[in-house]
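What follows is the residue order along each chain.
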Amino acid sequence: MLRWLTAGESHGPALTAMLEGLPAGVRVDRTAVEAALARRRLGYGRGARMSFEADQLSFLAGMRHGQTLGSPIALQIANSEWDKWAAVMNPEPVEAGDLERASDIGAPQEIARNKALTRPRPGHADLVGMQKYGFTEARPVLERASARETAARVALGAVAAAFLEQAAGIRLVSHTVAVGSVPGEERAQDAPDADTLPHPDDVARIDADPVRTLDADLSTAIVAEIDAAKKDGDTLGGVVEVLAWGLPPGLGSYTHWDRRLDSRLAGALMGIQAIKGVEIGEGFRTAARRGSQAHDEIARGSDGQVRRTTQRSGGTEGGMSTGEVLRVRAAMKPISTVPRALQTIDVSTGEAATAIHQRSDVCAVPAAGVVAEAMVALVLADAVIEKFGGDSVAEVRRNLAGYLAAIPEGMVTGSGTGDLGTGDTGAGDTGAGQESE
Ligand SMILES: Cc1cc2nc3c(=O)[nH]c(=O)nc-3n(C[C@H](O)[C@H](O)[C@H](O)COP(=O)(O)O)c2cc1C
Ligand SMILES: C=C(O[C@@H]1CC(C(=O)O)=C[C@@H](OP(=O)(O)O)[C@H]1O)C(=O)O
């Protein structure tokens, strides 16, 4: 079992994260984890904070000379702006005078740090958090409700992704599907084959795009949508997609609800701030189709391997990975700190008021894709460890190879490609589906 925990407030001294249950021998490249953190900061429409704050990564435990030890991994992401917040967010008691002075520091776009936040934002955790935890203002709530915490999860996700690639040849990619009303139409092709789907080799091109899409026209339209929302003092949500290539069949299980891979993916994705919907494969669109148009037919390719002819299911059947490309989507609601402030009440007076507004993202959908990718990596790493066990990467690989070798010849699936009849293993080249030691 793989377990993970994060701790840390948005403006606290650091975020901390732990990952327990990862086998020994995973090579963890600091630059790869830093690159994942940098990718999360990307994206047109993010607020000022993303430009001046830095994610200062330290590995604290569970690694030696760049490899995991099998013991719990601990890491820290220090807050480069901590000195500005040391009085307001100090875990230790502070002098009243220090707090007074803290209100005055900061660039014009920043907030008065010590001001009581008594006008809760609709859509954020502010009001219910105050009610639930007994606070009279929103600062103690928003500090943890903030998606700043997702930096910690992205760092853990990068470690999980290293394990997946080294142990099982599984690689991931995420991209932006929609922002606001762009695109208004659902993708015309309702039965994609794997050749049309984003591939892990596309990551650099996706990250180079301001909104993390491969489609230049879509990118231009999304940038315009974000500009328009910003001009109107408004905010946007959208849809991201995560794909995992090279999965073996049989991760997860149909035997119990909480073993189902789709259930675990949905829970992990819904655990990201502002995610309000999750779809596996064609998801909600499948519900409108007839069965003959909804499923992926099974056939044998000219290479003798069993394949799905289309990619509608998103790579799961019966709560298990099929060996095809895993494809999940997450829908993000618009940012709740709306510059054109929404109606609320001032909890200090009970009077009608407009919600607090401070510097904020207009749109964080591209960043949410990177966070979603991290969550999928963690869920898949957990599922791989559950299925194949092993205390070292080498042992996991042996167990995986033994499992694949034991699948009867007539049932061997080619992973991650719908290219029936060509004998070309395509993207399956990266995949555990073909891998043997
Ligand atoms: C990457 C990312 C960045 C976000 N940035 C902001 C932001 O700048 N301002 C804001 O009000 N909400 C932001 N959010 C959304 C809030 O965290 C979210 O609305 C809040 O947690 C309430 O959502 P919930 O009801 O899903 O918990 C962001 C979310 C993500 C995933
Ligand atoms: C700090 C990050 O995102 C933050 C997420 C967030 C929220 O309410 O979720 C609100 C904003 O923070 P602040 O209100 O301090 O400007 C974002 O900048 C980050 O992603 O690293």
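Everything numeric here is computed off the predicted structure, so don't read it as measured data.

Chemist: Could you give me a rundown of the site of ligand 1, with the residues and numbers involved?
Modeler: For ligand 1, the set of nearby residues contains 19 residues, the closest of which are A274, K333, T337, S360 and D361. Within the contact set of ligand 1, an oxygen atom lies 2.9 Å away from a side-chain nitrogen or oxygen of K333. A distance of 2.8 Å separates a nitrogen atom of ligand 1 from a polar atom in the side chain of S360. For ligand 1, the protein covers 86% of the area, taking 630 Å² as the surface of the free molecule. For the shell around ligand 1, a count of residues per class yields eight nonpolar, six polar and five charged.

Chemist: An account of the UniProt feature "binding site: NADP(+)" (unreviewed entry) in the protein chain is requested, with residue identities and associated values reported.
Modeler: Residues annotated by UniProt as "binding site: NADP(+)" (unreviewed entry) correspond here to R40 and R46. Summarising the element assignment, R46 is placed in the loop between α1 (30-41) and α2 (49-52). In contact with R46, other than residues within four places in its own chain, are R40, R41, D361, C363, A364 and A367. For R46, the side chain forms a polar contact with the main-chain oxygen of R40, separated by 3.0 Å.

Chemist: Give me the lowdown on the side chain of T235, citing residues and values where you can.
Modeler: Tracing the sequence through the fold places T235 in the loop between α9 (216-231) and β8 (238-245). Relative accessible area serves as the criterion here: at 8%, T235 is assigned to the buried category. Among the polar contacts listed, one links the side chain of T235 to the backbone oxygen of I335, at a separation of 2.6 Å. Residues within four places of T235 in sequence aside, it is in contact with P334, I335, T337, V338, P339, D361 and V362.

Chemist: I'd like a rundown of the sheet that holds strand β1 (residues 3-7), residues and numbers included.
Modeler: Here four strands make up an open sheet; going across it, the order is β1-β2-β6-β3 and the pairing antiparallel. Either end of the sheet is taken by a strand with one partner, and the two such strands are β1 and β3 (55-61). Within this sheet the neighbouring strands show an average axis-to-axis angle of 15°, counted without direction. Where β1 meets strand β2 (residues 14-20), five bridges bridge the pair, whose relative direction is antiparallel. Paired with A7 across the two strands is T16, which belongs to β2. Across the sheet, helix α7 (residues 150-168) is in contact with β1, β2 and β6 (73-79); its angle to β2 comes to roughly 35°.

Chemist: Lay out the sheet that holds strand β9 (residues 275-280) in plain terms, naming residues and giving numbers.
Modeler: Pairing is antiparallel in the open sheet, where four strands are placed in the order β7-β8-β14-β9. The open sheet is flanked by β7 (171-179) and β9, the only strands paired with a single partner. Geometrically, the sheet is characterised by an average inter-axis angle of 20° between neighbouring strands, direction not taken into account. Strand direction decides the pairing type here: β9 and strand β14 (residues 326-332), joined by five bridges, are antiparallel. When the bridges of β14 are listed, I275 appears paired with M332. Contacts from helix α10 (residues 261-270) reach β9 and β14, with the element oriented near 155° to β9. Where helix α12 (residues 365-388) meets the sheet, it contacts β7, β8 and β14, and its direction lies at approximately 145° from that of β7.

Chemist: Which residues make up the site of ligand 2, and what values go with them?
Modeler: Every residue near ligand 2 is listed here: H11, R40, R46, R49, M50, H124, S146, A147, R148, Q358 and R359. R148 is positioned with one of its side-chain polar atoms (N or O) 2.8 Å from an oxygen atom of ligand 2. In isolation ligand 2 exposes 470 Å². Once the protein is present, 91% of that is buried.

Chemist: Account for the nonpolar core, with residues named and values stated.
Modeler: L22, F163, L164, V376 and L380 are the most contacted members of the largest nonpolar core, which totals 81 residues. Element by element, the count of residues in this core is highest for α12, at 17 residues. With residues near it in sequence (within four places) discarded, L164 still touches G169, I170, L172, A377, L380, A381 and V384. In this structure, A194, I206, L243 and W245 belong to the second largest nonpolar core, which totals eight residues.

Chemist: Explain the packing of α7 against helix α13 (residues 393-406) to me, using residue names and the numbers behind them.
Modeler: To characterise two packed helices, one gives the angle between the axes of the helices and the distance between these axes. Axis separation between α7 and α13 bottoms out at 8 Å; the angle between their running directions is 50°. In terms of orientation, α7 lies oblique with respect to α13. In this structure, α7 crosses over α13, and the sense of that crossing is right-handed. Contact with α7, carried on its side by F163, Q166, A167 and A168, involves V393, V396, R397 and L400 of α13 and no other residues of that element. Residue classes in the contact of α7 with α13 are distributed as six nonpolar, one polar and one charged.

Cut-offs used in this document
Residues numbered from 1 in each chain as written. Chains lettered and ligands numbered in written order. Predicted model: local features only at pLDDT ≥ 70, side-chain atom pairs only at ≥ 80, totals over all residues. Heavy atoms only, no water. Near = heavy atom within 4 Å. Polar contact = N/O pair within 3.5 Å; in protein donor to acceptor, adjacent residues only side chain to side chain. Areas by Shrake-Rupley, 256 points an atom, 1.4 Å probe, with all protein chains shown as cover. Nonpolar A, V, L, I, M, F, W, Y, C, P; charged D, E, K, R; others polar. UniProt positions renumbered as here; feature names shortened; annotations may be inferred. Helix = DSSP H or I, 4+ residues; strand = E, 2+ residues; numbered from the N terminus. Contact = heavy atoms within 4.5 Å. Buried < 20%, exposed > 50% of the residue type's maximum accessible area, 1.4 Å probe, protein only. Pairing = 2+ DSSP bridges. Axes fitted to C-alpha atoms, helices over the stretch in contact; angles between N-to-C directions. Core = buried A, V, L, I, M, F, W, Y, C linked by side-chain atoms within 4.5 Å. Parallel < 35°, antiparallel > 145°, perpendicular 65-115°, else oblique. Left-handed = near helix turned anticlockwise from the far one by under 90°.

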